[in-house]
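# Structure assessment
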Amino acid sequence: MNILKIKNVSKKFGALEVLKNINLEITRGEVVAIIGPSGSGKSTLLRCLIRLVNIDKGSIEIDGKSMVDQDDTGVSIYSSEKDIRVLRKKMGMVFQNFNLFPHKSVLENIIEAPLTVNRTIREEAESTADKLLAKVGLSDKRNSFPCELSGGQKQRVAIARALAMNPAIMLFDEPTSALDPELTGEVLRVMKALAEEHMTMLVVTHEMAFAREVADRVIFMDLGEIIEQGKPEDVFGNPTHPRTQAFLGQILR
């Protein structure tokens with residue numbers, strides 16, 4: 001079953017068309033990596049999915065429910081705010097720059113949304129947080145504050161925080177781009193473990209090795225369009241589109 005269905009999605013910022021007629025379906029348990037040059041619309045696509053940005057045209061369906069549909073002319077019409085809040089809870093988002101609350105401990109960062117959004121009992125929320133901290137290898141940082149953590153540790157807390165809402169799909173927006181190279185590996189290992197647990201993941205990344213080794217499918221975007229997609233071995237080993245060939249030729253040489 002498709003967990004995510006994107007149809008004819010377009011988005012403009014002023015005169016700049018950032019997304020051009022995007023069509024994409026993701027099945028439950030699939031790991032999809034989106035690669036491409038800066039400014040190709042990759043991050044904007046993720047932000048449209050969680051409605052940090054409204055689309056202009058097209059439709060988005062999450063877990064069989066419509067978040068935004070289109071009228072006969074293709075113009076987007078969003079569902080009610082109540083319905084959208086329910087659908088957004090099905091998605092966990094991990095940003096480039098962690099976005100942790102600096103004045104809250106690691107534990108408080110993780111349990112904030114379950115307590116306030118899901119009305120989870122605190123004891124239950126803390127139990128879940130402890131399990132997630134163990135999963136990401138940070139049990140000893142439970143009572144630390146973000147300023148006491150490395151970049152890699154902050155990002156692993158951000159992953160645990162997103163997982164605390166028990167999402168159906170995880171969205172990663174270049175999760176290692178703000179990290180020093182030596183800290184990148186610890187975050188990618190957590191993401192690889194999630195993939196091995198069959199977590200549905202849509203990952204915008206510049207980490208070509210991760211895309212090649214972990215993704216079930218690789219999508220190449222450029223200038224707001226999906227140019228090419230397929231199995232990692234096909235996209236990396238035998239790209240068919242000249243723009244994909246040129247991009248990978250620069251990145252992988």
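In short, a report on the structure. (Residues numbered from 1 in each chain as written. Predicted model: local features only at pLDDT ≥ 70, side-chain atom pairs only at ≥ 80, totals over all residues. Heavy atoms only, no water.)

### Notes on helix α1 (residues 42-49)
Just so we agree on the cut-off: Burial classes: relative accessible area under 20% of the type maximum marks a residue as buried, over 50% as exposed, and values in between as partly exposed (1.4 Å probe, protein chains only). A helix here means a DSSP run of H or I that spans at least four residues, while a strand means a run of E at least two residues long, and both kinds are numbered starting from the N terminus.
For α1, the tally of buried residues reaches seven of eight residues, placing the bulk of the element in the interior. Within the sequence span of α1, burial applies to K42, S43, T44, L45, L46, C48 and L49. Of the residues one or two after α1, R51 is the one with positive phi, at around 60 degrees.

### Some points on the side chain of K42
Stated precisely, the cut-off is as follows: In summary, the charge assignment counts Lys and Arg as positive and Asp and Glu as negative, without counting His or the chain termini. Within this document, salt bridges are pairs made up of a side-chain nitrogen of Lys or Arg and a carboxyl oxygen of Asp or Glu, the two lying within 4 Å of each other. Residue contacts are defined here by distance: any two heavy atoms, one from each residue, within 4.5 Å place the two residues in contact.
Checked against the element boundaries, K42 lands in helix α1. Buried K42, no salt bridge; nearest opposite-charge side chain is E174, N-O distance 4.0 Å. Excluding residues within four positions of it along the chain, K42 makes contact with I34, I35, G36, P37, E174, V204, H206 and M221.

### So, the sheet that holds strand β9 (residues 200-204)
In plain terms, the rule: Pairs of strands are assigned from DSSP output, requiring at least two bridges between the strands. A fitted line through C-alpha atoms represents every axis, and for helices the fit uses only the stretch in contact; the resulting angles, taken between N-to-C directions, go from 0 to 180 degrees.
Spatially, the six strands line up as an open sheet ordered β7-β8-β9-β3-β10-β11, and their pairing is mixed. Both edges of this open sheet fall to β7 (91-94) and β11 (225-230), since each of them pairs with a single strand only. Here the average twist between neighbouring strands, direction ignored, is 20 degrees. Where strand β3 (residues 31-35) and strand β10 (residues 217-222) come together, four bridges link them in parallel fashion. When the sheet's bridge partners are listed, V32 is paired in β10 with R217. Lying over the sheet, helix α5 (residues 151-163) contacts β7 and β8 (169-173), oriented at roughly 170 degrees with respect to β7.

### Comments concerning unusual backbone geometry
Residue D63 is not a glycine yet carries a positive backbone phi of 50 degrees. D63 sits in the buried class, given a relative accessible area of 18%. For E174, which is not glycine, the phi dihedral falls at a positive 45 degrees.

### Looking at the sheet that holds strand β1 (residues 2-13)
Pairing in this open sheet of five strands is antiparallel, and the strands run β2-β1-β4-β5-β6 from one edge to the other. One side of each edge strand has no neighbouring strand; the edge strands of this open sheet are β2 (16-27) and β6 (76-78). Taking the axes of each pair of neighbouring strands and ignoring which way they run, one obtains an average angle of 20 degrees across the sheet. With three bridges joining them, strand β5 (residues 65-70) and β6 adopt antiparallel strand pairing. Counted as the bridge partner of D69 is I77 from β6.

### Section: the environment of A125
Along the chain, the position of A125 falls in helix α4 (residues 122-135). C-alpha of A125 to C-alpha of A113: the two residues are 12 residues apart in sequence and 9.4 Å apart in space. In this structure A125 touches I111, P114, L115 and T120, once residues within four positions along its chain are discounted.

### Here's the deal with the pairing of β5
In regular strands, side chains alternate between the two faces of the sheet. As judged from the three bridges shared by strand β4 (residues 57-62) and β5, these two strands associate in the antiparallel manner. The partner of I62 across the bridge, within β5, is K65. Hairpin connection between β4 and β5: a loop of two residues separates the two successive antiparallel strands, and D63 in this loop has a positive phi of roughly 50 degrees. Connecting β5 to the antiparallel partner β6 that follows it, the hairpin turn spans five residues, and G74 within it adopts a positive phi of roughly 95 degrees.

### A closer look at the pattern of salt bridges
Under the criterion given, the structure shown has 13 salt bridges. Of the charged contacts in the structure, one is a salt bridge between D56 and K11, with a shortest N-O distance of 3.8 Å. Here K11 lies in strand β1 and D56 lies in the loop between α1 and β4, a separation of 45 residues in the sequence. Assessed through its relative accessible area of 11%, K11 is described here as buried.

Any link to function would need more than the numbers given here.
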